[in-house]
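Notes for the structure review
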Amino acid sequence: MNDILIFGEFSISNKLRPCVFQLLSKANYLKNKLDDSKLKLLILSPSDLNFDEIINELKYYNIDEIIIVKNDNFKEFNSDYYYNCIKNIVLEVNPKIFLIGGTNIGRTIAPMISNSLHTGLTADCIELDINDEKNLSATRPTFGGELMATIWSKTYPQMATVRENVFKIEKFDENNPTIIFKDYNFQEYKSKLSLIKQIKREINNDLANARIILSGGMGLKNKEGFAKLENLANIMGAQIGGSRLIVEAGFASSNIQIGQTGQSVAADLYIAFGISGAIQHLCGIKNCKKIIAINNDPNAPIFNHCDIGIVDDAALVIEQLENLLSQKV
Amino acid sequence: MKQQLKIAVCIKQVPDTGQIKWTQNNTIDRTNMDSIINLCDEYALEMAFNIKEAYKDKQTQISVFSMGPYKACEILKYALALGCDNAYLITDKVFLGSDSYITSKILAQAIKYVFQDEFDLVICGQFASDGDTAQTGVGIAVNLNIPVVTYISSLIEVNDDSIVVQQNFEDSFNIVKLPLKSLMCVINNNCKLRNPNVLGYMLSQRKDIKILTANDLGFERNQVGLQGSPTYVYNAYRYNEDNNREKKIYSNLSSNDGAKIILKEVQKLFDYYED
Ligand SMILES: Cc1cc2nc3c(=O)[nH]c(=O)nc-3n(C[C@H](O)[C@H](O)[C@H](O)COP(=O)(O)OP(=O)(O)OC[C@H]3O[C@@H](n4cnc5c(N)ncnc54)[C@H](O)[C@@H]3O)c2cc1C
């Protein structure tokens, strides 16, 4: 039982989510550090889905085995059916490590499985490794944002969730994974949960691919302060982002949150206005090429993690930027 | 139709992250840091009251649970003042260091202890601002063996034996029906929260907070706390990932000059894109 199992979550349009490929990439690194380990992918699917294209895509990740479980109850997400099936497959496969994307679905399923199998789960990891004892070593920021904590688990499978875009996709030489199709039988079991209606949501993927991001934190003080930054981003043609506190305060919408529990970004230029620089925020921007920070506190930690720092009032700088830009056009 | 509805709400006291002050060596200045009720849990309480109001014909009783030190009585009192009927503090030295797997177990056991099997709904915040594992609510559901719906943003309607809610996922809004006897995890949806009024405060003065210990709940020392938890922190270290950044800090520029520096960087990029 040295195997690594990955949960292959579908998006609403029946494509594997990016986090699946990202986890598979990282799993290759983990697998190489384990003896005699197999990399397995678990996919739940409705009966009529065609897999040719999906399997083709999966040939570049050194996967040993793809387990595809079919049942019409998997047409849409139902935590009861997913839980019931995944739990049984995990018991059967008996992996050492079970990794799940830190999506809404992943973060619902993962604790159901870990609690029912009486095993440990580390959420929203930003790094995964294998320790000297050949076990999973999962790293995430600690509360407050000063320190990183490396977490070990005494029980198996060792479980972790990782948010989308935290890891990069890495492709390998083509291989031919063993494909196992399974029908799942729920017998008499019927979930008491039902989906009445599903409304597709416009996904704001602009942040993950943005080249310039203007990002605001509590230093912008209020909704108006943040709106001014949004306006500036519009003029500049940049994307807008924010810290968790500004989202929690209701000054910005939650889909623009950047950081450990928001999105990871990799812009060419990231400009942080009034953001203190807690680790949870920093780990979401570490892949940005250049970081500029504006903060009126010279002790703000973000000044240790930027390329250019400007100690000043964020609102004043925003105002000046707007002035300069309006002179240009 | 059942005339009674029993709701359990689980809440947590957390440090107020809005107040963090940094010292010169980048550590947190912990003096004067306040404790507050976790934000999502305020929405969990709001949800409980909304459900109570929607069920006009039922007699609804809301009980609130918190696991933590004695200080957590503060948020339980607040919940009572808002109009909760009973409050339980789950506290014991041996619970210290419990991870979310054990915390779920303890909270589920407390709910069973208080209600036996006679409850209809458990409502939790989706996550806590100090840990954000988002595991505890779901874990309670597994321990109680009841269905769970996560990421709930609002109540749509109540029926005799079911509730309809909106669930927010990344790529869809789901309208989900859940049965009575299930667990809801609620997110912050920026709706207006109620405040305790004077009458609420006065009535809450007469209500006691009941204490539940490991002994009451039948836990042995080695089953809970650090010892019982499957995960543990192996080590903690400072984050130095970005030590290769330039860190050119300007501290005495006019805002206009600061803005010019920023624009120069933006312009560099545009020139680069155009080439
Ligand atoms: C489990 C967990 C997960 C988390 N996930 C995330 C996440 O994904 N993303 C995230 O961002 N955070 C996350 N956090 C929160 C994180 O720890 C910080 O609390 C948060 O990033 C701080 O946001 P902030 O910088 O906007 O606010 P603050 O820390 O309050 O900083 C505000 C900054 O503005 C400066 N300022 C004040 N006035 C002005 C002014 N006039 N001009 C310029 N500057 C000014 C201040 O000096 C201060 O540095 C998480 C925390 C936990 C515990």
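Model, not experiment: these values are computed from the prediction.

**Let's talk about the overall build of chain A**
Across its full length, chain A holds nine helices and 16 strands. The buried share of chain A, reckoned over its 329 residues, is 63%. Taking all contacts inside chain A whose residues are at least 6 apart in sequence as the whole, residues at least 24 apart take part in 68%. Looking at chain A as shown, the accessible area adds up to about 13000 Å², and 44% of this sits on carbon and sulfur atoms. Between the mean site of the 34 positive side-chain charges and the mean site of the 38 negative ones, chain A shows a separation of 2 Å.

**A look at the site of the ligand**
Near the ligand lie 30 residues; those nearest to it are A:Ser243, A:Ile258, A:Thr261, A:Ser276 and A:His281. Residues lining the ligand come from chains A and B. In this structure, an oxygen atom belonging to the ligand sits 2.8 Å away from a main-chain N or O atom of A:Met218. Computed on the free molecule, the ligand has an accessible area of 980 Å², of which 92% lies beneath the protein chains in the complex. Going through the elements one at a time, α7 (244–248) and α8 (279–282) of chain A are the ones with two or more residues in the shell around the ligand. Grouping the constituent residues of the shell around the ligand by class yields seven nonpolar, 16 polar and seven charged.

**Structural notes on the side chain of A:Ser243**
With respect to the helices, strands and loops of the structure, A:Ser243 is situated in the loop between β13 (239–242) and α7. Here A:Ser243 is in contact with A:Gly216, A:Gly217, A:Met218, A:Gln257, A:Ile275 and A:His281, once residues within four sequence places are set aside.

**Focus: the sheet that holds strand β12 (residues 231–238) of chain B**
Taking strand neighbours across the sheet as the criterion, the four strands line up as β6(A)-β7(A)-β8(A)-β12(B) in an open arrangement whose pairing is antiparallel. This sheet does not close on itself; its edge strands, each paired only once, are β6 (127–130) of chain A together with β12 of chain B. On average, adjacent strands in this sheet sit at an angle of 25° to one another, irrespective of strand direction. Relative to strand β8 (residues 147–153) of chain A, strand β7 (residues 136–141) of chain A runs antiparallel, the two sharing four bridges. In the strand pairing of β8(A), A:Thr139 is matched with A:Thr150. Packed on one face of the sheet, helix α1 (residues 18–32) of chain A meets β6 and β7 of chain A and runs near 25° to β6(A).

**What to know about the sheet that holds strand β3 (residues 65–70) of chain A**
In any sheet, the strands associate via hydrogen bonds between backbone groups, in a parallel or an antiparallel arrangement. Residues and elements named next belong to chain A. Overall, parallel pairing links the seven strands, which are arranged β5-β9-β4-β1-β2-β3-β10 in an open sheet. Strands at the two margins of the open sheet, each flanked by one partner only, are β5 (121–122) and β10 (178–183). Where strand β2 (residues 39–45) meets β3, six bridges bridge the pair, whose relative direction is parallel. Each residue of the ladder has a partner; that of Leu-41, found in β3, is Ile-66. Packing against the sheet, helix α3 (residues 79–93) makes contact with β1 (4–7), β2, β3, β4 (97–101) and β10, and its axis sits at approximately 155° to β2. Strands in contact with helix α4 (residues 104–116) are β4, β5 and β9 (158–162); relative to β4, the strand with the most contacts, it is inclined by about 155°.

**Let's talk about the environment of A:Asn185**
Residues and elements named next belong to chain A. With respect to the helices and strands, the residue Asn-185 is situated in the loop between β10 and β11 (194–200). Under the relative-accessibility criterion, Asn-185 is labelled exposed at 53%. At a separation of 2.7 Å, a polar atom in the side chain of Asn-185 contacts the main-chain amide nitrogen of Gln-187.

**Side note on the packing of aromatic side chains**
Following the criterion strictly, the structure yields 21 aromatic pairs over all chains and no others. A ring pair is formed by A:Tyr184 and A:Phe186, whose centres lie 4.8 Å apart and whose planes are at 70°; its orientation type is edge-to-face. Taken individually, A:Tyr184 and A:Phe186 each receive the classification buried, so the pair is uniform in this respect. For the pair B:Phe65 and B:Phe115, a centre-to-centre distance of 6.1 Å together with 50° between the ring planes defines the contact as tilted.

**Structural notes on the packing of helix α3 (residues 100–115) of chain B against helix α4 (residues 136–144) of chain B**
Residues and elements named next belong to chain B. Packing of α3 against α4 brings their axes to within 8 Å, and their N-to-C directions diverge by 55°. Accordingly, the angle class assigned to the pair α3 and α4 is oblique. Of the two elements, α3 crosses α4, and the hand of that crossing is right-handed. Along the contact surface, α3 presents Ser-100, Thr-103, Ser-104, Lys-105, Leu-107, Ala-108, Ile-111 and Lys-112, while α4 presents Thr-136, Gly-139, Ile-140, Asn-143 and Leu-144.

**Digging into the domain arrangement of chain A**
By a widespread convention, an interface's size corresponds to the accessible area lost as its parts come together. Residues and elements named next belong to chain A. The assigned domain composition of chain A is domain 1 (4–183) and domain 2 (207–328). Domain 1 and domain 2 are separated by 32 Å when their C-alpha centres are compared. Opposite the 17 residues of domain 1 that make contact, domain 2 presents eleven residues. Note on domain 1 versus domain 2: buried area summed over both sides is about 1000 Å², and carbon and sulfur give 50% of it. In terms of surface lost to domain 2, no three residues of domain 1 exceed Pro-141, Arg-163 and Asn-165, which account for 39% of the buried area on that side. Run the count over domain 1 and domain 2 and you get zero salt bridges. Where domain 1 meets domain 2, there are two residue pairs in polar contact (both at pLDDT 80 or more). Breaking the side of domain 1 that touches domain 2 down by element, the ones donating at least two residues are β7 and β8. Considered class by class, the residues forming the side of domain 1 that touches domain 2 number seven nonpolar, four polar and six charged.

**Some words on α4(A)**
In this model, α4(A) (13 residues) spans 19 Å end to end at C-alpha, consistent with the 18 Å of a helix rising 1.5 Å per residue. Looking at the residues trailing α4(A), positive phi occurs at A:His118, about 55°.

**Quick notes on the nonpolar core**
All names here are of chain A. Among the nonpolar cores identified, the biggest contains 92 residues, and Leu-58, Leu-99, Leu-128, Tyr-270 and Phe-273 are the most heavily contacted of them. The greatest single-element share of this core, amounting to seven residues, is contributed by α1. When residues are assigned to domains, this core turns out to be shared by domain 1 (4–183) and domain 2 (207–328), each giving three or more. Leu-58 has contacts with Leu-16, Phe-21, Leu-24, Leu-41, Ile-43, Ile-63, Ile-66 and Pro-177, leaving out every residue within four places of it along the chain.

Calculation rules
Residues numbered from 1 in each chain as written. Chains lettered and ligands numbered in written order. Predicted model: local features only at pLDDT ≥ 70, side-chain atom pairs only at ≥ 80, totals over all residues. Heavy atoms only, no water. Helix = DSSP H or I, 4+ residues; strand = E, 2+ residues; numbered from the N terminus. Buried < 20%, exposed > 50% of the residue type's maximum accessible area, 1.4 Å probe, protein only. Contact = heavy atoms within 4.5 Å. Areas by Shrake-Rupley, 256 points an atom, 1.4 Å probe, with all protein chains shown as cover. Lys, Arg positive; Asp, Glu negative; His and termini not counted. Charge placed at Lys NZ, Arg CZ, Asp CG, Glu CD. Near = heavy atom within 4 Å. Polar contact = N/O pair within 3.5 Å; in protein donor to acceptor, adjacent residues only side chain to side chain. Nonpolar A, V, L, I, M, F, W, Y, C, P; charged D, E, K, R; others polar. Pairing = 2+ DSSP bridges. Axes fitted to C-alpha atoms, helices over the stretch in contact; angles between N-to-C directions. Phe/Tyr/Trp six-rings, centres within 6.5 Å; stacked < 30°, edge-to-face > 60°. Parallel < 35°, antiparallel > 145°, perpendicular 65-115°, else oblique. Left-handed = near helix turned anticlockwise from the far one by under 90°. Domains from an automatic or database assignment. Buried area = accessible area lost by both parts, 1.4 Å probe. Salt bridge = Lys/Arg side-chain N within 4 Å of Asp/Glu carboxyl O. Expected span 1.5 Å × (residues − 1). Core = buried A, V, L, I, M, F, W, Y, C linked by side-chain atoms within 4.5 Å.

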